[in-house]
Amino acid sequence: MSDATDSSSFSFEFIISREEDRFFRRLAKANLKALIDWRSQMTLALTVYAFMIVASYIALRQELLTPPAVFAATLCLVVGQLYMYFVSSWISRQIFEKLFELDRLSQKTWHVIFDDFSIVHRGPNTESRMSWDEIATIQDSPVMVAFWYSARQGFFIPARVIGDSSARAAFVEWAGERLRRPAIAADATRPTKLFPTPERS
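What you see is a predicted model, and the numbers here were worked out from it, not measured in a lab.

S.K.: So, the packing of aromatic side chains: which residues are in play, and what are the values?
M.R.: Applying the stated criterion across every chain yields a total of 16 aromatic pairs. Ring geometry for Phe12 and Phe114: centres 6.0 Å apart, planes at 75°, overall edge-to-face. One end of the pair, Phe12, is in strand E2 (residues 9–15); the other, Phe114, is in strand E3 (residues 109–115), with 102 residues separating them in the sequence. Judged by its relative accessible area of 1%, Phe12 falls in the buried class. Aromatic ring contacts, followed pair by pair, group Phe10, Phe12, Phe114, Trp132, Phe147, Tyr149, Phe155, Phe171 and Trp174 into a single cluster.

Written out as C-alpha cells, the structure is:
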C-alpha cells in the first residue's frame, strides 16, 4: 500500500515476499562483485596455474609423475574449485531461505515513511529513524527501489507498492534530491553512480 500524503512525504506499507527477498540478495551480491579487483584475481589465478604447469613439467622430466597422473591432478583441481564454488553458493542460498522462514518475514508488515529530513522504518516490534545523509545511494529497478547504507546493507521498497513506472520514477527522483541535499549543504561530493542491477532469473 502506498500513500503519498503530499509533495514532501511518502508513506509505504508492505509485506516482503520471498521473491523480493531473493532479488534483494542478488542486488547485494552484485554490489559486492562490483568491488572486486578482477585484474588481481585473474593475475593470482594465472600465477597458480603457471606454477602448476612448471611443477608438472619438472615432475614429468624427472619421471616423478606420469602424464595420466598430471592430467588427473589438474582435472581434480579444476573440478574441486568448481565444486566448492557451486556448493558454497548453494549453502548460502539455503541459509537465507531458512532465515526467511525463521524470521517469518512473510508475516511481518513494514511501514516506511519518507519526508524531507528523515526516513522512519517501522517493523512489528521495532522503529528506527535516520537522516538522509545515512543513505549512500539509491538503486532503482523494476522490482524494487533499494536504499543502501553500504554495498551490502540497506532496505528496499517493493515497486508494486509504489505504483506504475512513472510513479516509481517520480519517487526515485524525489528521493535522489533529498539524498543530494546533505552533500550540497556540506559542500562535499557524494558518488552518484548506482550499483549494477542483475538480471532477474
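Here the narrative resumes, following the displayed structure.
S.K.: I'd like to hear about the sheet that holds strand E7 (residues 144–148), residue by residue, with values.
M.R.: Taken in spatial order, the three strands line up as E6-E7-E8 in an open sheet, and their pairing is antiparallel. The sheet is open, and its two borders are formed by strand E6 (137–140) and strand E8 (154–158), each paired with just one other strand. The mean inter-strand angle of the sheet, taken between neighbouring strand axes irrespective of direction, is 20°. Here E7 pairs with E8 via five bridges, running antiparallel. Looking at E8, one finds that Ala146 is bridged to Phe156.

What counts and how
- Residues numbered from 1 in each chain as written.
- Predicted model: local features only at pLDDT ≥ 70, side-chain atom pairs only at ≥ 80, totals over all residues.
- Heavy atoms only, no water.
- Phe/Tyr/Trp six-rings, centres within 6.5 Å; stacked < 30°, edge-to-face > 60°.
- Helix = DSSP H or I, 4+ residues; strand = E, 2+ residues; numbered from the N terminus.
- Buried < 20%, exposed > 50% of the residue type's maximum accessible area, 1.4 Å probe, protein only.
- Pairing = 2+ DSSP bridges.
- Axes fitted to C-alpha atoms, helices over the stretch in contact; angles between N-to-C directions.

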